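Residue-level listing of the chains:
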Amino acid sequence: MEFYETVNRRRSIRQFTDAPIAREVLERVLEAGLAAPSSDHQRRWELVVLADRDRIHELAQIVKPYPCRVKEPKSPQQEMFKIAFPRQRTMIEEAAAVVLPYFKCKYALDGPQGTYALNDFGAAWCVIENMLLAATAEGLGSVVHIPVKKEPEQIAALIQPKKDYQLPALVMLGHPAPDAEVPAQVEATVAKNVHWNEW
């Protein structure tokens, strides 16, 4: 798939078929993630990949579906809420693989040197974006879930990461269900969103 087509086709897919992902395809997606730029060229990343159905189910039980009171969406954001909130657990359960992109954080995000911590945090999101684009290029669906409330501690208890490694998001990968619901995109264009030389 041509690069710009891949960028424009990428969407958050929250419903998957039960088809597995071929190991060589999954490895290509992971390699794309690991090719991302990093802070100080350290590449302090460790990817934990869950491809075993029981392990994925175990992880999914930590994440609860969110209540959504939106019945008739009046905006793309509300449409996303209606689709995404009830699927926070099922999109994990249905995924063929879940990638946990851990990164070593030198400084605490909430500490006095938190702005420096953003270097490692931002680099981790480059890993994630590379994987999302690679998944799209491979014909896979993908979506992220950012751990909230007690989820970070509960996931850490399950995975047992090394000390000082942080988890910015879960990355779910799978073959998109034919009827997967996708909300309308908010339009962002060069003409509307780009400012040249000043705001």
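Conventions used here
Residues numbered from 1 in each chain as written. Predicted model: local features only at pLDDT ≥ 70, side-chain atom pairs only at ≥ 80, totals over all residues. Heavy atoms only, no water. Core = buried A, V, L, I, M, F, W, Y, C linked by side-chain atoms within 4.5 Å. Buried < 20%, exposed > 50% of the residue type's maximum accessible area, 1.4 Å probe, protein only. Helix = DSSP H or I, 4+ residues; strand = E, 2+ residues; numbered from the N terminus. Contact = heavy atoms within 4.5 Å. Pairing = 2+ DSSP bridges.

Draft legend 1. Representation of the nonpolar core. Core analysis: the biggest nonpolar cluster contains 25 residues, and Ile21, Met131, Val171 and Leu173 have the highest contact counts within it. Put simply, the parts of the chain that give this core at least two residues each are helix 2 (23-34), strand 2 (97-104), helix 6 (114-137) and strand 5 (170-174). Ranked by residue count, the leading element in this core is helix 6, at nine residues. Excluding anything up to four places from it in sequence, Ile21 contacts Leu26, Ala96, Ala97, Leu140, Leu173, Gly174 and His175. Within the second largest apolar cluster, 24 residues are counted, among which are Ala60, Ile62, Leu167 and Ala177.

Draft legend 2. Spotlight on the pairing of strand 5. Counting buried positions along strand 5 yields five of five residues, so the element is predominantly enclosed. Neither face of strand 5 is left uncovered, since the one carrying Leu170, Met172 and Gly174 and the one carrying Val171 and Leu173 both have all their residues buried. Relative to strand 5, strand 2 runs antiparallel, the two being bridged by three bridges. The partner of Val99 across the bridge, within strand 5, is Val171. Bridge count between strand 3 (residues 141-145) and strand 5: five bridges; the pairing is antiparallel.

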